[in-house]
Amino acid sequence: MITALVWLRNDVRFQDQQSFFNACKSYERVVAYYTFEPKDFEKTTWGFQKTGKFRTRFNIETLQSLQLELKEKNITLIVEKRSATVGIPHWIEDLNASALFFQKEWTAEEKLISNAVCDSLSNKVQIFTHYDQFLFHPDDIPMDIDSIPQVFTVFRKKCEKYSTIKSCIPEPAILDKKSLLAAPFTIPTLEELGFASFDTPTHTAFPFLGGTTSALNRITDYFWKSERLSFYKQTRNGLLGSDYSSKYSPWLANGSLSARMIYWEVQRYEKEIQKNESTYWLIFELIWRDYFKYISLKHGNAIFHLGGILDKKYTWDSNSEIFLKWTEGKTTEPFVNANMIELKKTGFMSNRGRQNVASFFAKSMLMDWRMGAAYFEQQLIDYDVHSNWGNWLYVAGVGNDPRDRKFNIKLQADRYDAKGQYQKCWLQNTLFE
Ligand SMILES: Cc1cc2nc3c(=O)[nH]c(=O)nc-3n(C[C@H](O)[C@H](O)[C@H](O)COP(=O)(O)OP(=O)(O)OC[C@H]3O[C@@H](n4cnc5c(N)ncnc54)[C@H](O)[C@@H]3O)c2cc1C
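About the cut-offs
As a convention, each chain's residues are numbered from 1 in the sequence order in which they are written. Predicted model: local features are reported for residues with pLDDT of at least 70 only, side-chain atom pairs are reported and counted for 80 or more only, and whole-chain, interface and lining totals are derived from all residues. A run of DSSP states H or I qualifies as a helix once it reaches four residues; a run of E qualifies as a strand once it reaches two. Both are numbered from the N-terminal end. For the radius of gyration, the atoms used are the C-alpha atoms, and the globule rule reads 2.2 Å times the number of residues raised to 0.38. To sort residues by burial, count the other C-beta atoms lying within 10 Å of each one's C-beta; a count of 20 or more means buried, 12 or fewer means exposed, and anything in between means partly exposed. C-beta atoms are built from the backbone. Throughout, a pair of residues is in contact if the C-beta atoms placed from their backbones lie within 7 Å. The C-beta atom of each residue is placed using the backbone, and any residue whose C-beta lies within 6 Å of a molecule or strand is treated as near it. Three classes are used: nonpolar for Ala, Val, Leu, Ile, Met, Phe, Trp, Tyr, Cys and Pro, charged for Asp, Glu, Lys and Arg, and polar for all others, with Gly counted as polar. Domain delimitation follows an automatic or database domain assignment. Here, a nonpolar core means buried Ala, Val, Leu, Ile, Met, Phe, Trp, Tyr and Cys residues linked by C-beta atoms lying within 7 Å of one another. Multiplying 1.5 Å by the residue count of a helix minus one yields the expected span of that helix. The directions from the helix axis to the C-beta atoms are what the arc is built from. Should DSSP find at least two bridges between two strands, the strands are regarded as paired. Interaxial angles span 0 to 180 degrees and are taken between N-to-C directions of axes, which are lines fitted to C-alpha atoms, for helices over the stretch in contact. If the strands point away from the viewer and the path from the first strand over the helix to the second runs clockwise, then the crossover is right-handed. When an angle is under 35 degrees it counts as roughly parallel; over 145 it counts as roughly antiparallel; between 65 and 115 it counts as roughly perpendicular; any other value is oblique.

Take the overall build of the chain next. Within the chain, the secondary structure is distributed over 17 helices and 5 strands. The C-alpha radius of gyration of the chain comes to 22 Å, within 12% of the 22 Å expected for a compact globule of 433 residues. Along the three orthogonal principal directions, the C-alpha set of the chain runs to about 65 × 50 × 45 Å. Burial analysis of the chain (433 residues in total) assigns 44% to the buried set. Expressed as a percentage of contacts within the chain between residues at least 6 apart in sequence, the contacts between residues at least 24 apart total 78%.

The next thing to look at is the site of the ligand. Around the ligand, a shell composed of 29 residues is seen, among which Ser245, Ser246, Glu285, Asn388 and Asn391 lie nearest. Going through the elements one at a time, helix 8 (249-254), helix 10 (277-299), helix 13 (351-364) and helix 15 (385-396) are the ones with two or more residues in the shell around the ligand. Classifying every residue of the shell around the ligand by side-chain character gives 13 nonpolar, 9 polar and 7 charged. Of the domains in this structure, domain 2 (212-299) and domain 3 (305-432) are the two that each give at least three residues to the shell around the ligand.

The backbone of Asp16 shows a phi angle near 50°, a positive value even though the residue is not glycine. Position of Asp16 among the secondary structure elements: in the loop between strand 1 (3-7) and helix 1 (18-26).

Core analysis: the biggest nonpolar cluster contains 72 residues, and Phe361, Trp392 and Leu393 have the highest contact counts within it. Residues lining this core come from more than one domain, with at least three contributed by each of domain 2 (212-299) and domain 3 (305-432). Trp392 has contacts with Ala358, Trp369, Gly372 and Ala373, leaving out every residue within four places of it along the chain. Trp7, Cys24, Ile60 and Leu66 belong to the second-largest nonpolar core, a separate cluster that totals 35 residues.

It is worth spelling out helix 6 (residues 212-225) at this point. The first and last C-alpha atoms of helix 6 sit 18 Å apart over 14 residues, in line with the 20 Å expected at 1.5 Å per residue. Those residues of helix 6 not exposed but buried are Thr212, Ser214, Ala215, Arg218, Ile219, Tyr222 and Phe223. With its buried residues spanning 165° around the axis, helix 6 presents them on a single face. Facing away from the buried surface of helix 6 by more than 90 degrees, the exposed residues are Thr220 and Lys225. Against the buried residues of helix 6 lie helix 2 (53-72), helix 8 and helix 9 (259-272).

Another point: the sheet that holds strand 3 (residues 76-80). On the basis of which strands lie adjacent, the open sheet formed by 5 strands has the order 3-2-1-4-5 and parallel pairing. The open sheet has two free edges, formed respectively by strand 3 and strand 5 (126-130), since each of these has just one partner strand. On average, each strand axis in the sheet is tilted by 20° relative to the strand beside it, whichever way the strands run. Across 5 bridges, strand 2 (residues 29-35) lies against strand 3 in parallel orientation. Bridged to Tyr33 within strand 3 is Ile78. Of the strands in this sheet, strand 2 and strand 3 are in contact with helix 2, which crosses strand 3 at around 155°.

The assigned domain composition of the chain is domain 1 (3-132), domain 2 (212-299) and domain 3 (305-432). Computed over C-alpha atoms only, the centres of domain 2 and domain 3 are separated by 23 Å. Listed by partner, the interface residues are 14 residues for domain 2 and 18 residues for domain 3. Every element with two or more residues in the side of domain 2 that touches domain 3 is listed here: helix 8 and helix 10. Residue classes in the side of domain 2 that touches domain 3 are distributed as 6 nonpolar, 6 polar and 2 charged.

With 12 residues, helix 15 ought to run about 16 Å at 1.5 Å a step, and its terminal C-alpha atoms sit 16 Å apart, in line with that. Along helix 15, the residues classified as buried are Val385, His386, Ser387, Asn388, Trp389, Gly390, Asn391, Trp392, Leu393, Tyr394, Val395 and Ala396. The inward-facing, buried residues of helix 15 contact helix 10, helix 13 and helix 14 (369-379). With its phi angle positive at about 85°, Gly397 sits one or two positions after the end of helix 15.

Bridge analysis of strand 4 (residues 99-103) against strand 5 gives 5 bridges, and the strand direction is parallel. Counted as the bridge partner of Leu100 is Ile127 from strand 5. Read as a crossover between parallel neighbours, the route from strand 4 over helix 4 (residues 108-120) to strand 5 is right-handed.

Glancing now at the packing of helix 10 against helix 15. For any two helices packed against each other, the geometry is given by the interaxial angle and the distance between the axes. Remark: helix 10 packs on helix 15, axes separated minimally by 8 Å, with the N-to-C direction vectors making an angle of 85°. As judged from the angle between their axes, helix 10 and helix 15 are roughly perpendicular. For the pair helix 10 and helix 15, the contacting residues are Arg289, Phe292, Lys293, Ile295 and Ser296 in the first and His386, Ser387, Gly390 and Asn391 in the second. When its residues are assigned to classes, the contact of helix 10 with helix 15 shows 2 nonpolar, 5 polar and 2 charged.

A separate point is the environment of Pro142. Looking at the element boundaries, Pro142 is found in the loop between strand 5 and helix 5 (152-162). For Pro142 and Glu160, which are 18 residues apart along the polypeptide, the C-alpha to C-alpha distance reads 9.8 Å. If we ignore the near neighbours within four places in the chain, the residues touching Pro142 are Lys158, Tyr162 and Ser163.

Inspection of the secondary structure puts Gly399 in the loop between helix 15 and helix 16 (409-416). In this structure the C-alpha to C-alpha distance between Gly399 and Thr153, which are 246 residues apart in sequence, comes to 14 Å.

Our next topic: the pairing of strand 1. Buried residues dominate strand 1, accounting for 4 of its 5 residues. Where strand 1 meets strand 2, 5 bridges bridge the pair, whose relative direction is parallel. Paired with Ala4 across the two strands is Val30, which belongs to strand 2. As for the winding sense of the linkage, the β-α-β connection from strand 1 through helix 1 to strand 2 is right-handed. In terms of strand pairing, strand 1 meets strand 4 through 4 bridges, oriented parallel. Across the sheet, Trp7 pairs through a bridge with Phe102, a residue of strand 4.

Written as structure tokens, this is what we have:
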């Protein structure tokens, strides 16, 4: 059978998925491949694991859900934990596959792996790559990557005026049953990936469950059942509960949900329920997400440098005791502490919380912002290289904030947690655990 391998990385879905669509169109047998890349579980120079337990568990759930979905389409999903640089050449040979499809990644570590994978394949194997993680596709934006504006509003307005958003990619036709591989391919467990099983506290902001099915359930709940989308602009700076914001970020981060899928669902909502500032604002936030992807495309490794994309010289500290106070929620600011405890115990923190703890870390504690970003990378269930490092740059004053603001934490706590309920939730609960 003429076979293609689809390598999944941060596009772990079947719907609105370019690789599957293209592969299924031209190949008799399509096999999907995902690996828990060993490098992603190593410790960084800051002493954190690149991937912590929350994201690992979420990714396992995502793969479990996708494996079942793909089976219905007669596509086998192979999941491993050896490097793609070894696994992919093995499967290409074993399956006698003549093509490899995958989503383009451009950050240094991701590129190192994809380049090594491509180098390991004979030139008889055709390689097809494409961008599939944007709202505004790079082919459709009204500017070159080199001239992406340094100010978000300029970028947004140009895209809104001169660009369009592509329709979702249709589902491919179902392949012949014979294309399924006989062997059962098990998914590594949390323990096999080096973590003990754990329970998330019951007062978590959201009981995240990986997989496109649960992402779509969340859309049903947040848009169609509760119609909370109609109030998003007023509630999005909230701190407590499941509905102050969409909570789509973990699914977007591993690609089990695409930004286009959300965009077109908002369009339908605007037609069938209501169009208002809130429905627009969710798209506005998705444009932020795109913006940080374009910033990292434009600036390459500078997003990981101390001076950021502005090459600014500040004096930063890296004292490990001060750092520990921040990660453990033991600083002088209860509002920061509550947020840091939430992150430690659940892998999630609101956008308002992230802005405050990052600003406090970089601008009050004067700590090397990259340590904070690296801790977030380990801890966040929704870690996304572009959004995380882009937001950290922004808050630390070495990125795209033209005003280089510093948050007044006490005023922020008074404004967003006036009755102290959020702080009580995480500070008190911790005392009794
Ligand atoms: C220091 C810092 C680090 C961050 N790290 C990450 C990260 O690793 N991964 C991540 O997805 N987001 C990150 N964010 C952005 C934002 O905090 C989260 O996307 C948001 O809190 C997720 O919750 P939600 O899905 O309910 O968001 P909603 O408010 O419902 O927004 C909808 C979607 O818009 C996008 N979005 C919203 N705000 C931002 C933003 N500021 N930047 C980029 N995209 C945005 C997200 O994809 C989000 O899911 C970070 C923000 C800060 C200040």
